[in-house]
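# A closer look at the structure
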Amino acid sequence: MIYFSAHQFFERLAEGTFQKNDASADYRNLFDCDLLILDDLGTEMANSFTSSRLFVCLNERILHRKSTVISSNLDLQDIASIYSERIFSRITSHYLLLHLFGKDIRVQKNIIGGTSPNA
C-alpha cells in the first residue's frame, strides 16, 4: 500500500519520468503496488503533464486490476474539465463513487479546542 497526497504523487511521477536514478523503482511501485491511495486530487497544479501521467497511472492500474482510492473535493464535472474526458471516463466506469459529506473535522477541532483559525 502506498499513500500520497496529490502533490507528492505528481512529484514522484515527475522524478520517475525525468530523472534516471533510484527514483525509477519507487516510480514503478506507483503502478504495481496492491493499493494506491491518492489524497486530495485537485490540490496540485494541474497541467498537461499531470493529466497525462494521471491517465497513464490510472489506466495501467485498471488494466492490471490494482486497487486505487482517490479522494477529492472536486465534483465529477471538475475532474472532466481539469484533467480530461478520458480520465473522467475511467473514474466513472471503474471506480465506486462515494459522496462523503459532513462538517469539516479541522474546523470542529478548532471549535472544541477553543482556537480560532484567525488567531
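Throughout what follows, the structure given in this document is the object of discussion. Note that the structure is predicted; figures quoted are calculated from it, not measured.

## Some words on the packing of aromatic side chains
- Evaluated as defined, the whole model comprises two aromatic pairs.
- Summarising the aromatic geometry, the rings of Phe-9 and Phe-10 are spaced 5.0 Å apart at their centres and angled 75 degrees between planes, so their arrangement reads as edge-to-face.
- Look at Phe-9 and you get buried, because its relative accessible area is 1%.
- The class of Phe-10 is buried, set by a relative accessible area of 6%.
- Ring geometry for Phe-18 and Phe-49: centres 5.4 Å apart, planes at 35 degrees, overall tilted. With Phe-18 in helix H1 (residues 6–18) and Phe-49 in helix H3 (residues 48–63), this pair connects stretches of sequence that are 31 residues apart.
- Taking the relative accessible area as the measure of exposure, Phe-18 reaches 60% and is therefore exposed.
- In this structure, Arg-86 packs its charged tip against the face of Phe-55, placed 3.8 Å from the ring centre.

## Here we look at the sheet that holds strand E2 (residues 35–41)
- Spatial strand order, E1-E2-E3: three strands in an open sheet with parallel pairing. Pairing within the sheet leaves two strands with one partner each, and these edge strands are strand E1 (2–5) and strand E3 (67–72). Going across the sheet, the axis of each strand differs from the next one's by a mean of 10 degrees, ignoring polarity.
- With five bridges connecting them, E2 and E3 associate as parallel partners. Its bridge partner lying in E3, Leu-38 is registered against Ile-70.
- Along the sheet, H1 makes contact with E1 and E2, crossing E1 at roughly 105 degrees.

## Remarks on a nonpolar patch on the surface
- On the surface, Leu-96, Leu-98 and Leu-100 cluster together into a nonpolar patch covering about 430 Å² of accessible area.
- By the element assignment, Leu-100 lies in the loop between helix H5 (85–94) and helix H6 (105–113).

## Comments concerning the state of the cysteines
- Applying the stated criterion across every chain, the model contains zero disulfides.
- Counting only cysteine sulfurs, Cys-57 is the nearest neighbor of Cys-33, a cysteine outside any disulfide, at a range of 7.9 Å.
- Classification of Cys-33 by relative accessible area gives buried; the value is 11%.
- Since its relative accessible area comes to 0%, Cys-57 is described here as buried.

Rules of the game
In every chain, residue numbers begin from 1 and rise along the written sequence. Totals for whole chains, interfaces and linings use every residue, but because this is a predicted model, local features are given only for residues with pLDDT of at least 70 and side-chain atom pairs only at 80 or more, for both listing and counting. Each side-chain value is worked out from all heavy atoms of the structure, with water and hydrogens disregarded. Centres within 6.5 Å make a pair out of two Phe, Tyr or Trp rings, where for Trp the six-membered ring is used; the pair is then stacked when the planes are under 30 degrees apart, edge-to-face when over 60, and tilted otherwise. Here's how the labels work: a residue is buried when its accessible area is under 20% of the maximum for its type, exposed when over 50%, partly exposed in between, all with a 1.4 Å probe on protein chains only. Working definition: helices are DSSP H or I runs of at least four residues, strands are E runs of at least two. Numbering for both runs from the N terminus. Think of it as a cone above the ring: NZ of Lys or CZ of Arg counts as a charge over the ring if it is within 6 Å of the ring centre and within 35 degrees of the ring normal. Strand pairing follows a simple DSSP-based rule, namely that at least 2 bridges must link the two strands. Angles here are taken between N-to-C directions and fall from 0 to 180 degrees, while the axes themselves are lines fitted to C-alpha atoms, restricted in helices to the stretch in contact. Two residues qualify as a contact provided that any one of their heavy atoms is within 4.5 Å of a heavy atom in the partner residue. Within the patch definition used here, like charges are joined within 9 Å and nonpolar side chains (Val, Leu, Ile, Met, Phe, Trp, Tyr) within 5 Å, considering only residues with over 30% relative accessible area and no salt bridge. Only the protein chains shown count as cover for residues, and all accessible areas are computed by the Shrake-Rupley method using a 1.4 Å probe. Salt bridges are counted wherever a side-chain nitrogen of Lys or Arg sits within 4 Å of a carboxyl oxygen of Asp or Glu. Two cysteine sulfur atoms make up a disulfide if the distance between them is within 2.5 Å.

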